[in-house]
Amino acid sequence: DRILGDRTENVEQSLTLFDQALRLVSRRDMPAQWGLIMMNYSTAYQVRIKGDRSDNREQAIKLCEQALDYIRPEDNPVIWTTTLTNLATSYKDRTKGDRAKNLEIAIKFFKDCLKIRTLDSMPTKWPKTMNNLGLAYFDRIEGDREENIELAIKTFEQIFLVDLKTQAPLDWASFMSNLATAYKDRIRGDAAENIEKTISLYDQLFEVITEANAPYTWATMKGNIALAYAKRIEGDPQENLTMATAAGEASLRVFLPERYPNDCRRVAHKLGEFYTTQQQWRQAADTYRKGLLASDLLYKASLSLSSQEIEIRDIHDMSRRMAYVQAKAGDLVGAVVTIEQGRARQLRSRLDRDRADLVGLQQINPSLYNRYKEAAEAIRNLEAEERLTADSFQSQTYDSERKAAFIYQQYDKVVASIREYPAYADFLAESDIDSIAAVVKSKHPLIYVLVSSPGSCAFVLTKSSQSAEDQPIEISPIWLADFTEAQLKDWLIVETEGAFYGGWIGDYYACRQ
């Protein structure tokens, strides 16, 4: 919980100290003390910034389970309930194993904990456990979705038996926001009333949570209320869309690509949709550009093939959307470059080129390879650390923006060093209009076909011997505004006996039907 110093290193130091403590304390002779150390050890792994998040969570589960073998609720109710809560939370957030089973285990553990951690016996701990149980119900896969949301709402509403608004405003805001989200996705009841309830809850939240005192929570809530206004049934549709857009803009003001890339990408995706619906093409393009920058940072910080593939999927979708609105705004060159960069990223991922480059670099210059790994890990750690410290009411001991700028500067320096090797001159390099123009030959046009959610367009690139050097190619758009990605999927994908088929297999089944 140390405030001073670097958060990442503080957690690593705590892990070292807990490991040393376990060598001195015998679980047979001092089971209570040993269990307390194991509980805190597991908590440190839960909040660890370094290393793989999934592996850290697995280690937390292992430590909790070992601790519970020696801790009894009748002997140490506080330590026992805290350890069981840690275990339940780890299962709730677990990425390995069967997601549905993990959530069922989490729900059981939270319920077991609440048998002892009651409102009367532990009034400060009880609300957080109830909140986690509500979240587990909301995410639950087994059972009826409609009923699970009702259980989540019921659980969240019970929390407010405690006056948290003045005692713990950030906790109150977090719990109230979860309740608002549950009402936004509620299936039962009147749809319009559920959305109005959602907006009302967020309005209450903004009386306490501001951009100044809790920027991360505030920006998250602004993003959520934007979605509520976008779904709103009552009121004027255009006014609702305007309110949604304003809330999205406010959220993106905090969620900068360099500091919160995951959140930036998520909000930019929806805000870009709002702008597109209003045909505000340049604003849509600027917003998608921020989302693509965030996605690109996440891609570059991903060393494993699986994580790179996940990032590529998001980049490819946003690239298509951005290219379409760029073309609508009259920036045909920008649209073509965006399409090519998105295509190149996807092809590069399929060929596993970046990963192969890194393997080769490790053999040529192990020191530079390690510097790249460290720089990429620093980017991943940065966002995790920002999330942990963003809403602290206590003053920061370092300038977060300066730290982020330094980390990205170091990353760029390492990439520049890698590109000094002739074989790696194009490492992580982007395409530009000059490289595209070099492919286009006279009387041999190049055609890009763009199919996106808002519409489609074909770009015909031609070149003549009389073309000026500053404009070596001509780009002619052929608009297919009414043809969307959804329609293309309807053509190419067919459902047969509960299974979905695409490509030539889908065509085959479609012909048979």
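Residues numbered from 1 in each chain as written. Predicted model: local features only at pLDDT ≥ 70, side-chain atom pairs only at ≥ 80, totals over all residues. Heavy atoms only, no water.

**Observations concerning the packing of aromatic side chains**
For the structure on display, the rule yields nine aromatic pairs. Aromatic side chains Phe 255 and Tyr 260 sit 5.6 Å apart centroid to centroid with 70° between the ring planes, which places their arrangement in the edge-to-face category. Tyr 260 shares its class with Phe 255; the two are buried. Taken together, the aromatic side chains of Phe 18, Tyr 41 and Tyr 45 make up a single cluster linked through ring pairs. Seen from the ring of Phe 138, Arg 145 lies directly overhead, with NZ or CZ sitting 4.8 Å from the centre. One Lys or Arg, Lys 222, reaches over the ring of Phe 206 and ends 4.5 Å from the middle of that ring. (Phe/Tyr/Trp six-rings, centres within 6.5 Å; stacked < 30°, edge-to-face > 60°. Buried < 20%, exposed > 50% of the residue type's maximum accessible area, 1.4 Å probe, protein only. Lys NZ or Arg CZ within 6 Å of the ring centre and 35° of its normal.)

**Here's the deal with the pairing of strand E1 (residues 446-451)**
As paired elements, E1 and strand E2 (residues 456-462) share six bridges and run antiparallel to each other. Note on E2: the bridge partner recorded for Ile 447 is Val 460. Following E1, the chain reverses through four residues before pairing antiparallel with E2. (Pairing = 2+ DSSP bridges. Helix = DSSP H or I, 4+ residues; strand = E, 2+ residues; numbered from the N terminus.)

**Description of helix H6 (residues 126-139)**
Here H6 spans 20 Å end to end across 14 residues, near enough to the 20 Å set by a 1.5 Å rise per residue. Within H6, eleven of the 14 residues are buried, which leaves it mostly tucked inside the rest of the structure. The complete set of buried residues in H6 reads Trp 126, Pro 127, Thr 129, Met 130, Asn 131, Asn 132, Leu 133, Gly 134, Ala 136, Tyr 137 and Phe 138. Check the buried side of H6 and you find it contacts helix H4 (77-92), helix H5 (99-114), helix H7 (145-159), helix H8 (164-167) and helix H9 (169-184). (Expected span 1.5 Å × (residues − 1). Contact = heavy atoms within 4.5 Å.)

**Let's talk about the pattern of salt bridges**
Applying the stated criterion across every chain, the model contains 24 salt bridges. As a salt-bridge pair, Lys 128 and Asp 171 come within 3.9 Å of each other at their nearest N and O atoms. With Lys 128 in helix H6 and Asp 171 in helix H9, this pair connects stretches of sequence that are 43 residues apart. Classification of Lys 128 by relative accessible area gives partly exposed; the value is 42%. Between Glu 150 and Arg 186 there is a salt bridge, with its nearest N and O atoms 2.8 Å apart. On the criterion of sequence distance, the pair formed by Glu 150 in helix H7 and Arg 186 in the loop between H9 and helix H10 (191-205) is long-range, its members being 36 residues apart. Overall, the relative accessible area of 14% leaves Glu 150 in the buried class. (Salt bridge = Lys/Arg side-chain N within 4 Å of Asp/Glu carboxyl O.)

**Quick notes on the nonpolar core**
In terms of nonpolar packing, the biggest core is built from 112 residues, with Leu 87, Phe 255, Phe 459 and Leu 461 touching the most fellow members. Contacts of Phe 459, omitting those with residues within four sequence positions, involve Ala 327, Leu 332, Ala 335, Val 336, Ile 339, Leu 446, Ile 447, Tyr 448, Leu 450, Ile 475 and Ser 476. (Core = buried A, V, L, I, M, F, W, Y, C linked by side-chain atoms within 4.5 Å.)

**Focus: a nonpolar patch on the surface**
Taken together, the side chains of Trp 491, Leu 492 and Ile 493 make up a nonpolar region of the molecular surface, amounting to roughly 330 Å² of accessible area. Mapping Ile 493 onto the fold places it in the loop between helix H21 (485-492) and strand E4 (494-496). (Patch = residues over 30% accessible without salt bridge, like charges linked within 9 Å, V, L, I, M, F, W, Y side chains within 5 Å. Areas by Shrake-Rupley, 256 points an atom, 1.4 Å probe, with all protein chains shown as cover.)

**Some thoughts on H10**
One full turn of an α-helix is made of 3.6 residues, so residues set three or four places apart face in the same direction. Under the 1.5 Å per step criterion, the end-to-end length of H10 is 22 Å for 15 residues, consistent within 8% with the ideal 21 Å. Of the positions making up H10, those classed as buried are Ala 192, Asn 194, Ile 195, Thr 198, Ile 199, Leu 201, Tyr 202 and Leu 205. In the core, the buried residues of H10 are packed alongside H9 and helix H11 (215-231). By the N-cap criterion, in which a side-chain oxygen at the helix start approaches the backbone nitrogen of a residue two or three places on, H10 is capped by Asp 190, the distance to Ala 192 being 3.2 Å. (Polar contact = N/O pair within 3.5 Å; in protein donor to acceptor, adjacent residues only side chain to side chain.)

**A closer look at the side chain of Thr 484**
Tracing the backbone shows Thr 484 in the loop between strand E3 (474-480) and H21. Residue class for Thr 484 comes out buried when judged on its relative accessible area of 17%. Those residues in contact with Thr 484, other than ones at most four positions away along the chain, are Val 451, Ser 452, Ser 453, Pro 454, Gly 455 and Ser 456.

**Describing the packing of H11 against helix H12 (residues 237-254)**
At a closest axis distance of 8 Å, the pairing of H11 and H12 adopts a crossing angle of 160°. Considered as vectors, H11 and H12 are oriented roughly antiparallel to each other. Here the hand of the crossing between H11 and H12 comes out left-handed. From H11, Pro 215, Trp 218, Ala 219, Lys 222, Gly 223, Ile 225, Ala 226, Tyr 229 and Ala 230 reach across to H12, where they touch Asn 240, Met 243, Ala 244, Ala 247, Gly 248, Ala 250, Ser 251, Arg 253 and Val 254. Looking at side-chain class alone, the contact of H11 with H12 contains twelve nonpolar, four polar and two charged residues. (Axes fitted to C-alpha atoms, helices over the stretch in contact; angles between N-to-C directions. Parallel < 35°, antiparallel > 145°, perpendicular 65-115°, else oblique. Left-handed = near helix turned anticlockwise from the far one by under 90°. Nonpolar A, V, L, I, M, F, W, Y, C, P; charged D, E, K, R; others polar.)

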